[in-house]
Amino acid sequence: PESLVGKPLRLFSPFENVYHDGRILKVQSIHYGEDTSCLVTFPAGKDGRKKALTRWINLEEHSIAVATRTVWSKFTNRKYRS
């Protein structure tokens, strides 16, 4: 779980039907295999938020996507002939 610190995440809110983008600041797990809580910050200016918001979130209770790898790619406008 400590490897999640600093990773970006997306939290889905079914009530608003939107995603909120944030970043994991700290991870807390009482016992291995049990619920994992993360201190997450959601920056101001994103998702219509006027102030930055920092909250503890239980990963197992929410629909969350955490980015663990970045894949860089480059697209070109090549035309292939057969």
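Predicted model only: the values in this text are computed from it and were never measured.

Draft legend 1. Seen up close, the overall build of the protein chain. Helices and strands together make up the secondary structure of the protein chain, namely 0 helices and 5 strands. Starting at the N terminus, the α and β elements of the protein chain follow one another as β-β-β-β-β. Counting contacts in the protein chain only where the partners sit at least 6 residues apart, residues at least 24 apart contribute 31% of the total. Split by element, the accessible area of the protein chain, about 7100 Å² in all, is 52% carbon and sulfur.

Draft legend 2. Local environment of the packing of aromatic side chains. For the structure shown, the criterion picks out 1 aromatic pair. Between Phe12 and Tyr19 the ring centres are 5.0 Å apart and the planes differ by 55°, which places this aromatic pair in the tilted class. Given a relative accessible area of 22%, Phe12 falls into the partly exposed group.

Draft legend 3. Molecular detail of the sheet that holds strand S5 (residues 64-66). The strand order across the open sheet formed by 5 strands is S4-S3-S2-S1-S5, and the pairing between neighbours is antiparallel. Lying at the two open borders of the sheet, with one neighbouring strand each, are strand S4 (53-58) and S5. Put simply, the sheet's adjacent strands are angled 35° from each other on average, direction ignored. Two strands pair when backbone bridges link them, and strand S2 (residues 18-29) and strand S3 (residues 36-42) are joined in this way by 6 bridges, in the antiparallel orientation. By the bridge assignment, Gln28 is partnered in S3 with Ser37.

Draft legend 4. Layout of the environment of Pro8. The topology assignment puts Pro8 in strand S1 (residues 8-13). By relative accessible area, which is 31% here, Pro8 ends up partly exposed. Taking C-alpha positions, Pro8 is 5.8 Å from Gly22, a pair spaced 14 residues apart along the chain. Apart from the residues within four sequence positions on either side, Pro8 is in contact with Gly22, Arg23, Ala65, Val66 and Ala67.

Rules and cut-offs
- Residues numbered from 1 in each chain as written.
- Predicted model: local features only at pLDDT ≥ 70, side-chain atom pairs only at ≥ 80, totals over all residues.
- Heavy atoms only, no water.
- Helix = DSSP H or I, 4+ residues; strand = E, 2+ residues; numbered from the N terminus.
- Contact = heavy atoms within 4.5 Å.
- Areas by Shrake-Rupley, 256 points an atom, 1.4 Å probe, with all protein chains shown as cover.
- Phe/Tyr/Trp six-rings, centres within 6.5 Å; stacked < 30°, edge-to-face > 60°.
- Buried < 20%, exposed > 50% of the residue type's maximum accessible area, 1.4 Å probe, protein only.
- Pairing = 2+ DSSP bridges.
- Axes fitted to C-alpha atoms, helices over the stretch in contact; angles between N-to-C directions.

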